[in-house]
Each structure stands twice: as structure tokens, then as C-alpha cells.
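# Tertiary structure, described
This is what each chain is made of:
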Amino acid sequence: MTRAYAEVIGDPIAQSKSPAIHNFWLAKLGIDADYRAYHVAHEDLADYLAGRAQDPDWRGCNVTMPHKQAIIPLLGAINPAAAAIGAVNTVVRGNDGVLTGHNTDAPGFLEPLRSALDRPHLYRMARILGAGGAARAIVAALAGRGFHLVLAARDPAKAQALLDALAPGSDHYAVELAHFAPATDFAFDDREGLFDLVVNASPLGMAGQPPLAFDFSHAPPGSVIYDIVTHPLETPFLAEARRRGFETVDGLAMLIGQAAAAFERFFGQPPPRDCDDELRAILIA
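A few points on the structure. (Residues numbered from 1 in each chain as written. Predicted model: local features only at pLDDT ≥ 70, side-chain atom pairs only at ≥ 80, totals over all residues. Heavy atoms only, no water.)

### A short note on the side chain of S18
Counting through the fold element by element, S18 comes out in helix α1 (residues 18–29). Using a relative accessible area of 6% as the deciding quantity, one classes S18 as buried. Among residues more than four places away in sequence, those in contact with S18 are V8 and Y35. (Helix = DSSP H or I, 4+ residues; strand = E, 2+ residues; numbered from the N terminus. Buried < 20%, exposed > 50% of the residue type's maximum accessible area, 1.4 Å probe, protein only. Contact = heavy atoms within 4.5 Å.)

Structure representation (C-alpha cells):
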């Protein structure tokens, strides 16, 4: 008897938490299916997709580094939101074998901010650190929710090009990542009615990576500090933010949020989100 399955692909892939997330939900719902991690090198990506497209049991895959942009020309169709972002993190196989690319990173990133975003604000501003693949979805998501953006990268020209593509307008700025490393004596004005967000969208602070150099004098009072890194979950950036009394969002929030959107596309029903606390306990064990 055949069995439906989906996968997460990347290079490397052993560190992925996606199988634990999806298999937890499959078990909770009693769905007879499986979710796996599969290592795919760049040079093998086209052959992998061609083979899976012929497998009626394969529901699709999540896509992680370094394939989120390279996979686009290899697909039969691209969801308009993913096309606008210029990155695909979810591929779904249709009954006709056509592979369609989606991006669930953007809604996954916004999910833990939903209650705040449902409230009106006089002004919304986000400082985003990093201009890689993850930042593309984050920039698009925040620009679409009325944020004024400051995008920081080692190469400000790369940051500006990303802003020009995904958030055109004169209310956004590109700066060097080093701009946020030294302390500033800037006096922030009254923040009542404002929503300030600081996002680490880079791998800095991840295990095996250099630390993120950010001085919290750059974070306006009342900012929400968001780090998309998941290993370790408690990054030095988040730990220092909590010590200073800022509200924080960790990387599991985005990871679970984007996985939920992908799960429904793969398996035809939403995952049981009332079990999130149990899931998080498993993921951090």
C-alpha cells in the first residue's frame, strides 16, 4: 500500500525541525502520511524535482537554504505572492503532476504579530538586520502592512536593491549592518501610537555563526524584538532584549507559522494549533 508523504529539502538539512513539526501534526490528526528531511545539493535540484513530479504519493516539499530562489525556474507555476517576493519555500504537486511554488515565510513571520497588527497605529517602523533570502519575505510582509523600513546589510547596495524590488517608495532606507553596532545617543520621541519592530533576519547569532552586533540604544522604547534564528532558540540578541525589558518573539514562532500554512497545502486540512505549547516543548527538548 502506498503512503502519502512530503519533505523538506536543503543543503545542509540534518538540522531541520520541520519533520518533527509536521509528523507531530500528522499523528495528532490521525493522518496516515509521513514527512521527511531529504538532502538535495544544488546540482541535483532539477533531477530531484523531475523525479518527485512523477510520484503520485509525493505531496510536495518545503524548501530551505540555499534553494529558495534557484528552484523558481524549475517549477511549472509560481503563486503570485511567491513571484512578487522572489523566493519559494513550499512546493506543492498538483494531481496533474504540475509543481507550484508558494511562499509561506511571509504569513508565518506575521503570525505572532497578528494581535498587534490588528490594532491601528499612527506609524509603524521596522529595523531589519540582514538582506538574504529570509529578509525578502519579511520585507514584503512588513511593507504590505504599512511599515516604514530600515534594512541593514553588509552591502547597503544589496539592501537597497531588495527594497527597490519589494518595497518601492521613498519611506524606506538601506544602511550598513555596522550602523547598529556602536551605541547611539539619539533621543527617541514619544512612541505612543507607534509600533516599532527590530528583526534579526540574518544567520548571525546562530550556532556556528558570529554573534549579531546590535546595541540596544538603537531600539526605541516599547519595541518588539524578533529573532528568526532557531538554533539556539534563546540567542544572545533575544536574551539581552529580555534583560532590558523588551517584548520578544523567537524563531520557533515563524517556523511553526510557516509550517502550518504549508501543512494545509500538503495534507488538505489545517494543523491542530491548540497543541502549540506541546509542540514547542518537543522542539526545544
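Next comes the rest of the write-up.
### A closer look at the nonpolar core
Counting 37 residues, the largest nonpolar core has F109, L142 and L197 as its most contacted members. Aside from chain neighbours lying at most four places away, what touches L142 is F109, L110, A126, I128, F147, L149 and L197. Grouped together as the second largest cluster of nonpolar side chains are 25 residues, A6, F24, I256 and L283 included. (Core = buried A, V, L, I, M, F, W, Y, C linked by side-chain atoms within 4.5 Å.)

### A closer look at the environment of A143
Within the secondary structure, A143 sits in helix α6 (residues 133–143). In this structure, the C-alpha to C-alpha distance between A143 and L163, residues 20 residues apart in sequence, is 9.4 Å. Residues in contact with A143, not counting those within four places in the same chain, are L149, L166 and A167.

### Here we look at the sheet that holds strand β4 (residues 77–78)
Strand order in the open sheet formed by six strands is β2-β1-β3-β5-β6-β4, with mixed pairing between adjacent strands. Where the open sheet ends on each side, the last strands, each with one partner, are β2 (33–39) and β4. Across four bridges, strand β5 (residues 90–93) lies against strand β6 (residues 99–102) in antiparallel orientation. Bridged to T90 within β6 is H102. Packing against the sheet, helix α2 (residues 45–53) makes contact with β1 (4–10), β2, β3 (58–63), β5 and β6, and its axis sits at approximately 175° to β1. Taken strand by strand, helix α9 (residues 251–267) contacts β1, β2, β3, β5 and β6, and its axis lies near 160° from that of β3. (Pairing = 2+ DSSP bridges. Axes fitted to C-alpha atoms, helices over the stretch in contact; angles between N-to-C directions.)

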